[in-house]
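Residues per chain, in single letters:
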Number of protein chains: 2
Amino acid sequence: MSTYADKYFPGEPDAPKVVTKTIPGPKGAAAIKSLSEVFDTRCLTFLADYSKSCGNFIVDADGNVLLDAYCQIASIAMGYNNPNLIKVAKSEKMLRALVDRPALGNFAGVDYEEIQRDILKYAPKGQKYVWNGLSGADANELAMKAVFMNYQSTRRGYDKPFTAEEKKSCMQNLPPGNPELAVLSFKRCFHGRLFATASLTRSKPLHKMDMPAFHWPTGEFPSYKYPLPENVEYNKKEDERCLKTVEDQFKNWHCPIAAVIVEPIQSEGGDNHADAAFFQGLRDITLKYGAKLIIDEVQTGCGGTGIMWAHERYNITPPPDLVTFSKKMQSSGYFFHDPEMVPNLPYRQFNTWCGDPKNIIMAGAIMKEINEHGLLPALRETGLYFYSKLEELQNKYPQILSNLRGKGKGCFLAFDMPTPEKRAKFLSDMRLNGVNMGDCGQLGVRLRPGLTFNKKHVDIFIPIMDRVLSNL
Amino acid sequence: MSTYADKYFPGEPDAPKVVTKTIPGPKGAAAIKSLSEVFDTRCLTFLADYSKSCGNFIVDADGNVLLDAYCQIASIAMGYNNPNLIKVAKSEKMLRALVDRPALGNFAGVDYEEIQRDILKYAPKGQKYVWNGLSGADANELAMKAVFMNYQSTRRGYDKPFTAEEKKSCMQNLPPGNPELAVLSFKRCFHGRLFATASLTRSKPLHKMDMPAFHWPTGEFPSYKYPLPENVEYNKKEDERCLKTVEDQFKNWHCPIAAVIVEPIQSEGGDNHADAAFFQGLRDITLKYGAKLIIDEVQTGCGGTGIMWAHERYNITPPPDLVTFSKKMQSSGYFFHDPEMVPNLPYRQFNTWCGDPKNIIMAGAIMKEINEHGLLPALRETGLYFYSKLEELQNKYPQILSNLRGKGKGCFLAFDMPTPEKRAKFLSDMRLNGVNMGDCGQLGVRLRPGLTFNKKHVDIFIPIMDRVLSNL
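All values derive from a computational prediction rather than experimental measurement. (Residues numbered from 1 in each chain as written. Chains lettered and ligands numbered in written order. Predicted model: local features only at pLDDT ≥ 70, side-chain atom pairs only at ≥ 80, totals over all residues. Heavy atoms only, no water.)

*Asks:* I would appreciate a short explanation of the overall build of chain A in the present structure.
*Replies:* Helix and strand counts for chain A come out as 16 helices and 16 strands. In terms of overall size, chain A behaves like a compact globule, its C-alpha atoms giving a radius of gyration of 23 Å where 472 residues would be expected to give roughly 23 Å. Seen along its three principal axes, the alpha-carbon backbone of chain A occupies a region of about 70 × 55 × 45 Å. A total of 472 residues make up chain A; the buried ones form 66% of that total. (Helix = DSSP H or I, 4+ residues; strand = E, 2+ residues; numbered from the N terminus. Rg over C-alpha atoms; globule rule 2.2 N^0.38 Å. Buried < 20%, exposed > 50% of the residue type's maximum accessible area, 1.4 Å probe, protein only.)

Spelled out as structure tokens, the structure:
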């Protein structure tokens, strides 16, 4: 059967090709040196040549051709130079969005309703509206703003005016106008690096050191034992233990907790998974204490786990109050369903651009493409195959690979290495053998291929990994 | 002499044309009603038809043609459907940026150095580097991150590692890892609506009500008397009075103030101007107390005041430490000159996208266009002419117009109306007579035409305003 990649990436290479002894090679290294005069290049893995990249393969400045299982930190959904997205990029609608970028909230264009409806078509189950932002961190901050405004409006009476004292104190950044309210996040979570989102994030000190922070509580996120079928009892108790830490914070925190924010899979923090029971438990606690539940689908959303929105797998009831997105969507924002999450007065949730129509157009096009071509069922199949092959490698190299996880969640797979040093060498060796991937958490390696990744690519990936492991 | 608009907007209308009795008219109102099912339309002025808009004229859903002196809240620099920007929008480089959006910090493209250098060519005097963001608020938050990291690194020793206590406390959002440090902003300022930027912003309670906030200090921004030549002594004392409030905060605030952030002209807060002496005074205070000076050019930058960067007019010495930008640039970020404003470790100032190349390409193209076509000298001339004509109206309608300001600052002009109600009616009447403009502060009306606005447009604008005022 012809795959999406076969059909739309006829020029996709059959295999990686590494032509230099290091990556970056000499040409890339020279270009990076020059670039470093005007850009912080310390985090560069390599310099890419996007004009030559195709489908699931990325090409670097030296002409190295790598199978890409990382895809711009999980943010390229449809492969490089996807011809159907190129058509959208060349459309009149996109041209307008590029040269006449509107201040959407004040002067939306006549074509805007269609653009907005195009992304709402694929909203998570139970969600009716969307608010647009510009990045994952921005989406989470906007969602928190909606929550705090709703929390105080509910207390005050949704349609009640601000009091004189609130107005005066808020100009001094003091309560009651700027109340002390908290959002609970989880140990090892990542929600962004703006100031309020950095206050949520607990993945690494490096992500938030030296920034003034809000004093907000954390709960424990489950640390499961793998393989799952052999650790059912342990993991169930782990859910319960963690839920108790959350409820304890609600009981004891010095100020009200207005929301809980959680990733369906903690990604940056190590690909930490949790069961439906854990997420339903969070939902129940938030309902009990009058808090909102925000699901952060920035990394997991838009099909990455084999369904459009990863949290739908847990059938959280009632659905979460807000669901944030970014990365693969190219655009960002939050979905919600309660009209009272729209602040009671205009201009409270507002900024000049209220999103970026060119990115929103792209988001709609990506989701349409995913659905029209049945990419998610295909990805689920690929994911199971990929998992089974990685499981074979884990059995073959038990001293190196452990905690393989993500079964049944598309290609959103991860495993652990014995030490950070070993992991660094493994990732570098994989790259030199033609595969690009990323790390997460203390010991994790995460796979984040695009949604066009299929069995053929798994069959390229696995022998390379086998070879690299045998020499590690 | 043929103007830029004559040359590049041959299809630009000769005059506004209003065809409906209300704006929005029946067609727009129906479309907005439908749009409101999926978008918060409470702030919509009207629905625009960008495909029909041209140059300095915006067309709405009903076919009304308005001279646009507001330009998407000051964010359209080069007119609607600018043919030279359309060329850029259709370029291969832009196509790549649209369909292969990179995680710049990890995988910048081979063409990225050129894109980055293109905006650095027009950096403010004394600034050498740029860090990219996604909006004005994002730019200001990124700039504050750079400041706080620099402040603590300087205290710790730029290359010194974090202590164990810092690492542990920072995972709990507590000092010393997350120190209590402040940024001083000014009464009536606007720097954005994310959490840390909302903590800076003091324009209106509505902009920040109900959000938890950092307890940060404010200084007084001058309130000048107009006309300036008649109030030299008063305004000089006002500068001194305000500077003293800033120095008092440095002396008395309960935690260190790491930076002062200020707009060259407080825009959202009412188009409040200050003299070079005030800005130099701020520079001197920041140097005295070891704080950084951040100039927020989000609304004033990219040529709006007749020079590329408004603060250059004040010849601040030494130049500010960081200059933030957005709006007319389409892109956003901050310029800086001290290499130590780059955090000592990689991945401290980082996020998935590190900017958006398509917007950065557009920023470079816009600045190049401005310079190649000499738009700023032309705008300065237009501005003086516009000011003189508005002054005539102010003399003619002294009960309605007052505090005309912005002379010598391009078309970045403003004046006050007697009451908010009168102002609302004036703006609505102007629109119904074919001119779109905006308000600011308590009583202000701000003019924010694009950089392609010229004498011809002034000569359209003034008689309409005269007519509207005579009937107000």
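*Asks:* Is there a simple way to think about helix α16 (residues 455-471) of chain B in this case?
*Replies:* In an α-helix there are 3.6 residues to a turn, and that puts residues three or four apart on one side. All names here are of chain B. Counted at 1.5 Å a residue, the expected span for α16 with its 17 residues is 24 Å, and the 25 Å between its end C-alpha atoms agrees. Taken together, the buried positions of α16 are occupied by H457, V458, I460, F461, I462, I464, M465, V468 and L469. Among the residues of α16, the N-terminal cap falls to N454, whose side-chain oxygen and the backbone nitrogen of K456 are separated by 3.0 Å. (Expected span 1.5 Å × (residues − 1). Polar contact = N/O pair within 3.5 Å; in protein donor to acceptor, adjacent residues only side chain to side chain.)

*Asks:* What should I look at first to understand the packing of aromatic side chains in this one?
*Replies:* In this description, a pair of aromatic rings is defined by centroid distance and the angle of the planes. Inspection of the entire model under this criterion finds 53 aromatic pairs over all chains. Note on A:F250 and A:Y289: the rings are 5.1 Å apart at their centroids and 25 degrees apart in plane angle, and the pair reads as stacked. In this pair, A:F250 sits in helix α11 (residues 232-252) while A:Y289 sits in helix α12 (residues 276-289), placing the two residues 39 residues apart along the sequence. A relative accessible area of 12% places A:F250 in the buried class. Residue class for A:Y289 comes out partly exposed when judged on its relative accessible area of 28%. One aromatic cluster is present, built from ring pairs that chain together A:F148, A:F195, A:F214, A:W216, B:F148, B:F195, B:F214 and B:W216. Over the face of the ring belonging to A:Y234 we find A:K225, whose NZ or CZ atom lies 4.3 Å from the ring centre. It is B:K455 that lies over the ring of B:Y385; its NZ or CZ is 4.7 Å from the centre. (Phe/Tyr/Trp six-rings, centres within 6.5 Å; stacked < 30°, edge-to-face > 60°. Lys NZ or Arg CZ within 6 Å of the ring centre and 35° of its normal.)

*Asks:* Sorry, what's going on with the interface of chain A and chain B here?
*Replies:* By a frequent convention, interface size equals the accessible area lost on bringing the separate parts together. Between chain A and chain B, the contact holds 117 residues from the first and 117 residues from the second. Of the roughly 10,700 Å² buried at the junction of chain A and chain B (both faces included), carbon and sulfur atoms supply 62%. Area buried by chain A at its contact with chain B is led by A:F107, A:M209 and A:D210, which between them contribute 8% of it. At the junction of chain A with chain B, the criterion picks out 6 salt bridges. In this structure, A:R348 engages B:D210 in a salt bridge whose closest nitrogen and oxygen atoms are separated by 2.8 Å. Take the side of chain A that touches chain B: its biggest share by element is 9 residues, from helix α8 (residues 136-156) of chain A. A class-by-class count of the residues in the side of chain A that touches chain B yields 62 nonpolar, 30 polar and 25 charged. (Contact = heavy atoms within 4.5 Å. Buried area = accessible area lost by both parts, 1.4 Å probe. Salt bridge = Lys/Arg side-chain N within 4 Å of Asp/Glu carboxyl O. Nonpolar A, V, L, I, M, F, W, Y, C, P; charged D, E, K, R; others polar.)

*Asks:* Quick question: what am I supposed to make of the pairing of strand β11 (residues 332-336) of chain A here?
*Replies:* Regular strands place their side chains on alternate faces of the sheet. Residue and element names in this part refer to chain A. With 5 of its 5 residues buried, β11 lies for the most part within the structure. What you see with β11 is no split at all: S332, Y334 and F336 on one side and G333 and F335 on the other are buried throughout. Looking at chain direction, strand β3 (residues 129-133) and β11 are connected through 5 bridges and run antiparallel. Looking at β11, one finds that N132 is bridged to G333. As paired elements, strand β10 (residues 322-325) and β11 share 4 bridges and run antiparallel to each other. Among the inter-strand pairings, V323 is bridged to a residue of β11, identified as F335. Where β10 folds back onto β11 in an antiparallel hairpin, the turn is made up of 6 residues, including K327, whose phi is positive at roughly 40 degrees. (Pairing = 2+ DSSP bridges.)

*Asks:* Honestly, the side chain of B:N81 in this entry has me stumped. Any pointers?
*Replies:* Relative to the helices and strands, B:N81 resides in the loop between α3 (71-74) and α4 (83-89). Among the polar contacts listed, one links the side chain of B:N81 to the side chain of A:R96, at a separation of 3.0 Å. Of the polar contacts made by the side chain of B:N81, one reaches the backbone oxygen of B:Y50; its length is 2.7 Å. Residues within four places of B:N81 in sequence aside, it is in contact with A:R96, A:V99, A:D100, B:F9, B:Y50, B:S51, B:S53 and B:I86.

*Asks:* Hey, could you run me through the pattern of salt bridges in this one?
*Replies:* Between side chains of opposite charge, a pair can form when the charged atoms approach closely. Under the defined criterion, the tally for this structure stands at 60 salt bridges over all chains. A salt bridge links A:E12 to A:K456, with the nearest nitrogen and oxygen atoms 3.6 Å apart. With A:E12 in the loop between α1 (4-8) and α2 (26-35) and A:K456 in helix α16 (residues 455-471), this residue pair connects regions lying 444 residues apart in the sequence. For A:K456, a relative accessible area of 33% gives the class partly exposed. Put simply, A:D118 and A:K121 hold a salt bridge, and the shortest N to O gap is 3.2 Å. Since its relative accessible area comes to 57%, A:K121 is described here as exposed. Ionic contacts of the salt-bridge type, sharing partners, join the residues A:R155, A:R156, A:E166, A:R348 and B:D210 into one network.

*Asks:* Help me understand helix α2 (residues 26-35) of chain B in this model?
*Replies:* B:G28, B:I32 and B:L35 are the residues of α2(B) that are buried. Buried residues in α2(B), looked at end-on, bunch into an arc of 60 degrees, giving them a common side. What points out from α2(B), more than 90 degrees from its buried face, is the exposed set B:P26, B:K27 and B:K33. Lining the buried residues of α2(B) we find α7 (112-120) of chain A. (Arc of directions from axis to C-beta.)

*Asks:* Would you take a moment to explain the sheet that holds strand β13 (residues 414-416) of chain A for this structure?
*Replies:* Hydrogen bonding along the main chain pairs the strands of a sheet, whether they run parallel or antiparallel. Residues and elements named next belong to chain A. Within the open sheet, the 4 strands sit side by side as β12-β13-β16-β15. Their pairing is antiparallel. The sheet is open, and its two borders are formed by β12 (402-405) and β15 (438-440), each paired with just one other strand. Between one strand and the next, the sheet's axes are offset by a mean angle of 25 degrees, whatever the strand orientation. Bridging between β13 and strand β16 (residues 444-446) involves 3 bridges; their strand directions are antiparallel. Looking across to β16, one finds that A414 is bridged to R446. Relative to the sheet, helix α14 (residues 375-396) contacts β12 and β13, its axis offset from that of β12 by approximately 175 degrees. (Axes fitted to C-alpha atoms, helices over the stretch in contact; angles between N-to-C directions.)

*Asks:* Explain empty space enclosed by the protein to me, please; I cannot follow it from the model alone.
*Replies:* To find leftover empty space, a probe the size of one water molecule is rolled over the atoms. In the structure shown here, the tally under the stated rule is 8 cavities of 30 Å³ or more. By volume, the largest cavity is sized at about 100 Å³. For the largest cavity, the full set of lining residues is A:F39, A:D40, A:C43, B:G105, B:V130, B:W131, B:N132, B:Q349, B:F350 and B:C354. Considering each element in turn, the lining of the largest cavity owes the most residues, 3 residues, to strand β3 (residues 129-133) of chain B. Class assignment for the residues of the lining of the largest cavity results in 6 nonpolar, 3 polar and 1 charged. (1 Å grid on protein atoms, 1.4 Å probe; cavity = no way out; pocket = protein on both sides within 12 Å on 5 of 7 lines; lining within 4 Å. Points joined across faces, edges and corners; volume = space filled by probe spheres on them.)

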